[in-house]
4 protein chains.
Amino acid sequence: MEKTIIRMKKGVELNKPILVVGLPGIGSVGKLVVEHLRKEFKAERFATLYSPHFPHQVMMRSDGGIKLVSNSFYYIKQKSGSHDLVILTGDVQAVTPEGQYEVNAKIIKFFKEVLKGTFVYTIGGYSEADAFVSKPRVFANATSKKVIAQFAGADVQFGKTKGAIWGSAGLLIAFAKMSKIDGICLMGETGLLDVDPAAAKAVLLVLSKKLGLKINTENLDKMIESTAKMLKELEQSTMFPESKEGQKPTYIR
Amino acid sequence: MEKTIIRMKKGVELNKPILVVGLPGIGSVGKLVVEHLRKEFKAERFATLYSPHFPHQVMMRSDGGIKLVSNSFYYIKQKSGSHDLVILTGDVQAVTPEGQYEVNAKIIKFFKEVLKGTFVYTIGGYSEADAFVSKPRVFANATSKKVIAQFAGADVQFGKTKGAIWGSAGLLIAFAKMSKIDGICLMGETGLLDVDPAAAKAVLLVLSKKLGLKINTENLDKMIESTAKMLKELEQSTMFPESKEGQKPTYIR
Amino acid sequence: MEKTIIRMKKGVELNKPILVVGLPGIGSVGKLVVEHLRKEFKAERFATLYSPHFPHQVMMRSDGGIKLVSNSFYYIKQKSGSHDLVILTGDVQAVTPEGQYEVNAKIIKFFKEVLKGTFVYTIGGYSEADAFVSKPRVFANATSKKVIAQFAGADVQFGKTKGAIWGSAGLLIAFAKMSKIDGICLMGETGLLDVDPAAAKAVLLVLSKKLGLKINTENLDKMIESTAKMLKELEQSTMFPESKEGQKPTYIR
Amino acid sequence: MEKTIIRMKKGVELNKPILVVGLPGIGSVGKLVVEHLRKEFKAERFATLYSPHFPHQVMMRSDGGIKLVSNSFYYIKQKSGSHDLVILTGDVQAVTPEGQYEVNAKIIKFFKEVLKGTFVYTIGGYSEADAFVSKPRVFANATSKKVIAQFAGADVQFGKTKGAIWGSAGLLIAFAKMSKIDGICLMGETGLLDVDPAAAKAVLLVLSKKLGLKINTENLDKMIESTAKMLKELEQSTMFPESKEGQKPTYIR
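Residues numbered from 1 in each chain as written. Chains lettered and ligands numbered in written order. Predicted model: local features only at pLDDT ≥ 70, side-chain atom pairs only at ≥ 80, totals over all residues.

Student: How do you make sense of the overall build of chain A when you look at a structure like this?
Tutor: Looking only at helices and strands, chain A features six helices and twelve strands. Taking 18 Å as the expected radius of gyration for a compact globule of 253 residues, we find that chain A reaches 19 Å, a close match to that expectation. Seen through its principal axes, chain A has C-alpha atoms that stretch 60 × 50 × 35 Å. Contacts in chain A between residues far apart in sequence, at least 24 positions, make up 72% of those at least 6 positions apart. (Helix = DSSP H or I, 4+ residues; strand = E, 2+ residues; numbered from the N terminus. Rg over C-alpha atoms; globule rule 2.2 N^0.38 Å. Contact = placed C-beta atoms within 7 Å.)

Here it is as structure tokens:
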């Protein structure tokens, strides 16, 4: 395998699909969001992407099987006439710039030419400081002014972020734009955490509204609660002896 | 040389061969196992793989000659009607993800299309902790449920390992699976040691049973004994002054 | 996108253009110089270069939009019969040697074959020591003795520098020379600073004379002044308690 | 420039040439040796190799000119009927394994197919320990037993070295062997020094005998003397206060 390839099941027909992408990244926000959608709506896997630009590893499955690291496409059929949804998630991202360009260009080409897709959401995390974020905002950057206008009133903040979006979350909407497809990158505000369910929930609420999906966030609420509890315990532990209840804790990595 | 190449001797005819692969890796388990098979059964070299993805080095031979780093194929003829064995070993593995994909895809293509091979064993080490392992188990991950079932009663543990198999040990069985060839990765449990003969012996016993080979492990037994002696001396040395005989030693890297 | 590409607007006609290149580098001298030219002469963007050898990132725009990292070409029309100017600048340079060769070879091919260009200026910084430079000189290396002779009396020093020119500033004039196009690398002397407006001004004065451009350096003068003020404050601060006014400060990274 | 290229002057006719290669490496032995041959025999440059696998840099010349990093071929004509000599030297070696394979395969292909070459010498340094070597030996590894036999009595030691030969010194003779051309790697014994004229002289004496060249090593003798003087001064300096004259000094990096 010398090039990135996508293997697709036969017979899948989708109606002008919308792509929602969540791959490993900051605060695991993207992955939490799309895994939530995938499970909640029983999305069906229909295509797999393999690449020599992924790490050279094979995952051990708990049933004793194996799985070459990959990215997978799932679909969620919507009612007739509506845009179907396609979810893209996976174990890894490409490890080099050249690999990132090849893989992400391949995804957009597949989405446009094979799936006849119409819009791309990429989901990520955005971390301004290493402080715990209690009420995460959702930041966004989009491919056009038209898209920015469409998200007015969607509880999404444009132009508040600085710097660069690395990896698939950025390249996919940049390549979409080059291919005349609109898209947006939604970034849940996150801070201290490697896995941030509160940031994921904030993004899901935006998606829920824009995609017309009823999303049950109960399991995220439980994760948020247990994360908060864990942080509280940390705060009271001997590692932070001088912090007292009622004081606003500051976490420093 | 811009691509990986395999040079094969003319006139080699093999009967539906089974591949056994042991390359440099954790605890040198794979290399110990296949070097043992190679010597014990006087395997004959019949093909060599060179790759620009290997380190750019040439080995100095003790007779004053040279040897470009490579991987080599050897065969062990079995009695008529049985699967012949092919052994793959070598000095190195490819150094980049792209190189690993190219080299391992090439090996499976060669094994399937040229040698008409039927099954792939890859041998590695698996290290759960940095503690010395006195009775190493053999862990495994396989390409299908059928294979897992075939190894019932073979003193092999499925589903007890976590994480990823890196390099050829993983990619070869993943690419075999993609090419409709079954395979298994056998991992000898290892801990502290760079070269672990006990883990190698455990894997050899499994192979011996499954391949119907009588394997003399006397030389490994000697290595195990001398390794144990060396560890005992270390334990009593001034580097670990507080550990006493009878106490369970703990080794920390 | 697997190769470097250049997208050009239709209908742009240039007269035997001269290229002036300033990309990120030492003291940001190149970028300061060409951004100054670009703004002062209201240069018009007419072509964009994208490359898989650039970092895999997308810039967040302050209006909520996005921009794939790139290099851009701008033109400045000169009076009829004169050489037009083409400016090349951008966010980034290629990250690997192979990438640098591909991108810079592509630029020279485009400049020669599509734009029918005639001469290449690359602008960089040159740092001999980590000391603050109050009166920066302009060093240069050129593609031929003819060019060196043409710069006699231009307040440019040849043969005073040692070592290598890394990246586009060097490769572009080397590839130009291979394509029978002359060129020069102008290096503003710089020391301590990440962004050195005095070095940039020194180069601009040379360019102004050679290109027959009236360049207003007022904004650079302001930057130089505020930089000097900042350095003075640093000098008097507690970080350098023993240095006194009137003494020549020495800064050490 | 996406591939390694060799540009050759027209009209050069060589008689079954022998290649002598000295590129940057351990103790600069290879480079010292071939630069010595080049100057002493007024070798003429006739071909240049450029590669995107070299570092992306351009050398500043002391006359204000530039030079893209490269490897160059020079010839030394011998009396009619004898093998002509071709010298290969340069600023750099390729920076990645893939680059090393591409560049060195290209060199052997050019030497065999274009120059009709017959034998390859590569020159390097071999360092067993970080101690100063007063009477350097010459170690060697060769492509065949025939070559080893030809060097009997040439004051060259086979089979005394261990490990790997990295880079061009190793790959060139390995690729020569694959192309049915014989060759040898001569390694001057070196220790502490970045530039070791004594190791270079030892190799030159071997070459002188084997190639039938009268080589004047006066300038190397001067370098050896001044290096010895410098080492003596170091030894007596305050950095090594306890070492006394007459004692054997030990240098530790």
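Student: Explain the pairing of strand 3 (residues 44-50) of chain B here, please?
Tutor: Residue and element names in this part refer to chain B. As paired strands, strand 1 (residues 5-8) and strand 3 are joined by four bridges and run antiparallel to one another. Considered in strand 3, the bridge of I6 is made with L49. Relative to strand 6 (residues 71-76), strand 3 runs antiparallel, the two sharing five bridges. Looking across to strand 6, one finds that T48 is bridged to S72. (Pairing = 2+ DSSP bridges.)

Student: Honestly, the interface of chain B and chain A in this entry has me stumped. Any pointers?
Tutor: Note on interface size: it is often stated as the accessible area lost on association of the parts. Listed by partner, the interface residues are 24 residues for chain B and 18 residues for chain A. Looking at the side of chain B that touches chain A, the elements with two or more residues in it are helix 2 (97-114), strand 9 (138-142), strand 11 (164-166) and helix 4 (168-178) of chain B. In terms of residue count, helix 2 of chain B provides more of the side of chain B that touches chain A than any other element does, six residues in total. Considered class by class, the residues forming the side of chain B that touches chain A number 13 nonpolar, eight polar and three charged. (Nonpolar A, V, L, I, M, F, W, Y, C, P; charged D, E, K, R; others polar.)

Student: Sorry if this is basic, but what is going on with the relation of the copies chain B and chain A here?
Tutor: Think of it as a corkscrew move, a rotation about one axis and a shift along it, taking one chain copy to the other. Once turned by 90° and shifted 0.1 Å along the axis, chain B lies on chain A with an RMSD of 0.0 Å. Such a turn and shift between the copies fits a four-fold axis. Closest approach to the rotation axis within chain B is made by the C-alpha atom of T96(B), at a distance of 7.4 Å. (Least-squares fit on C-alpha atoms with pLDDT ≥ 70 in both.)

Student: Quick question: what am I supposed to make of the sheet that holds strand 11 of chain B here?
Tutor: Through backbone hydrogen bonds, the strands of a sheet pair up, either in parallel or in antiparallel fashion. Pairing within the open sheet is antiparallel, and its three strands lie in the order 5(A)-4(A)-11(B). Bordering the open sheet on either side are strand 5 (66-68) of chain A together with strand 11 of chain B, each of which pairs with just one other strand. Averaged over all pairs of adjacent strands, the angle between their axes in this sheet comes to 30°, without regard to strand direction. Here three bridges tie strand 4 (residues 57-60) of chain A to strand 5 of chain A, and the two strands are oriented antiparallel to one another. Bridging from a neighbouring strand, V58(A) pairs with L68(A) of strand 5 of chain A. (Axes fitted to C-alpha atoms, helices over the stretch in contact; angles between N-to-C directions.)

Student: When you look at the interface of chain C and chain A in this model, what are you seeing that I'm missing?
Tutor: Every contact between the two is made by 18 residues of chain C and, on the other side, 24 residues of chain A. Sorting elements by how many residues they give to the side of chain C that touches chain A places strand 4 (residues 57-60) of chain C first, with four residues. Across the side of chain C that touches chain A, the residue classes tally to ten nonpolar, six polar and two charged. Strand direction decides the pairing type here: strand 11 (residues 164-166) of chain A and strand 4 of chain C, joined by three bridges, are antiparallel. Looking across to strand 4 of chain C, one finds that A164(A) is bridged to M59(C).

Student: Can you help me understand helix 4 (residues 168-178) of chain D in this one?
Tutor: A turn of α-helix holds 3.6 residues, and therefore any two residues three or four places apart point the same way. Residues and elements named next belong to chain D. Burial within helix 4 is extensive, with ten of its eleven residues counted as buried. When we look at burial in helix 4, the residues that qualify are S168, A169, G170, L171, L172, I173, A174, F175, A176 and K177. Looking one or two places after helix 4, you find K180, whose phi comes out positive at around 65°. (Buried ≥ 20, exposed ≤ 12 C-beta atoms within 10 Å, placed from the backbone.)

Student: For this particular structure, what's the right way to read the nonpolar core?
Tutor: Nonpolar side chains tend toward joint burial in soluble globular proteins. Formed by 281 residues in total, the largest nonpolar core has its most connected members in V203(A), V203(B), V203(C) and V203(D). If sequence neighbours within four positions are ignored, V203(A) has contacts with V29(A), V33(A), I123(A), V138(A), L186(A) and G188(A). (Core = buried A, V, L, I, M, F, W, Y, C linked by C-beta atoms within 7 Å.)

Student: Would you mind showing me how to read the packing of helix 2 of chain B against helix 4 of chain B here?
Tutor: Think of two packed helices as two axes; the pair is described by the angle between the axes and how far apart they sit. Residues and elements named next belong to chain B. Packing of helix 2 against helix 4 brings their axes to within 9 Å, and their N-to-C directions diverge by 50°. It follows from the interaxial angle that helix 2 and helix 4 lie oblique. In this structure, helix 2 crosses over helix 4, and the sense of that crossing is right-handed. Along the contact surface, helix 2 presents Q100, Y101, N104, A105, I107 and I108, while helix 4 presents S168, L171, L172, F175 and A176. Class assignment for the residues of the contact of helix 2 with helix 4 results in eight nonpolar, three polar and no charged. (Parallel < 35°, antiparallel > 145°, perpendicular 65-115°, else oblique. Left-handed = near helix turned anticlockwise from the far one by under 90°.)

Student: What am I meant to see in the confidence of the model for chain A here?
Tutor: Note: predicted coordinates in regions of low pLDDT should not be interpreted at a detailed level. Residues and elements named next belong to chain A. Counting all residues, the mean pLDDT for chain A is 90, and 92% of those residues have values of 70 or more. Note that pLDDT drops below 50 for residues 239-253; the model gives that stretch 13 contacts with residues more than four away or on any other chain. Predicted complex, confidence summary: ipTM 0.88, pTM 0.89. (pLDDT = per-residue confidence, 0-100.)

Student: Would you explain the arrangement of the chains in this entry?
Tutor: When C-alpha atoms are compared, chain B and chain C, though not in contact, are closest at a spacing of 15 Å. Across the gap from chain A to chain D, with no contact made, the nearest C-alpha atoms are 15 Å apart.

Student: I'm lost on the environment of L49(C) in this one. Help?
Tutor: All names here are of chain C. If you trace the backbone, L49 turns up in strand 3 (residues 44-50). Note: C-alpha distance between L49 and I108 (59 residues apart in sequence) is 12 Å. Setting aside chain neighbours within four positions, we find L49 in contact with T4, I6, S70, N71 and I107.

Student: Explanation requested: the sheet that holds strand 4 (residues 57-60) of chain D in the structure shown.
Tutor: Spatially, the three strands line up as an open sheet ordered 11(C)-4(D)-5(D), and their pairing is antiparallel. In the strand order of this sheet, the two ends are held by strand 11 (164-166) of chain C together with strand 5 (66-68) of chain D, each with one partner. Geometrically, the sheet is characterised by an average inter-axis angle of 30° between neighbouring strands, direction not taken into account.

Student: Honestly, the packing of helix 1 (residues 29-40) of chain C against helix 5 (residues 197-211) of chain C in this entry has me stumped. Any pointers?
Tutor: Residue and element names in this part refer to chain C. At a minimum axis separation of 9 Å, helix 1 and helix 5 run at an interaxial angle of 55°. Classed by the angle they form, the pair helix 1 and helix 5 counts as oblique. Relative to helix 5, the crossing made by helix 1 is right-handed. Contacts from V29, L32, V33 and H36 in helix 1 reach P197, A199, A200, V203 and L204 in helix 5.

Student: Even after reading the chapter, I still don't get unusual backbone geometry, so can you show me in this structure?
Tutor: As a rule of thumb, non-glycine residues mostly have phi less than zero, and peptide bonds are mostly trans rather than cis. All names here are of chain B. For S28, which is not glycine, the phi torsion reads 55° and is therefore positive. By the secondary structure assignment, S28 is in the loop between strand 2 (18-21) and helix 1 (29-40). Its identity as a non-glycine residue notwithstanding, D155 has a phi of 60°, on the positive side. Secondary-structure assignment places D155 in the loop between helix 3 (145-150) and strand 10 (157-158).

Student: I keep staring at helix 2 of chain B and nothing clicks. Help me out?
Tutor: Residues and elements named next belong to chain B. With 18 residues, helix 2 extends 25 Å between its outermost C-alpha atoms, agreeing within 8% with the 26 Å of an ideal straight helix rising 1.5 Å per residue. Where helix 2 is concerned, the buried positions are P97, E98, G99, Q100, Y101, E102, V103, N104, A105, I107, I108 and F111. K116 sits one or two residues past helix 2 and shows a positive phi near 55°. (Expected span 1.5 Å × (residues − 1).)

Student: Sorry if this is basic, but what is going on with the environment of I66(B) here?
Tutor: Considering the arrangement of structural elements, one finds I66(B) in strand 5 (residues 66-68). In this structure, the C-alpha to C-alpha distance between I66(B) and D84(B), residues 18 residues apart in sequence, is 31 Å. Aside from chain neighbours lying at most four places away, what touches I66(B) is V58(B), M59(B), M60(B), R61(B), N141(D), T143(D), I173(D) and A174(D).

Student: Would you take a moment to explain the environment of A47(B) for this structure?
Tutor: Residue and element names in this part refer to chain B. Position of A47 relative to the elements: it lies in strand 3. Here the alpha-carbon distance between A47 and M8, two residues 39 residues apart in the chain, equals 4.1 Å. Excluding residues within four positions of it along the chain, A47 makes contact with I6, R7, M8, K9 and F73.

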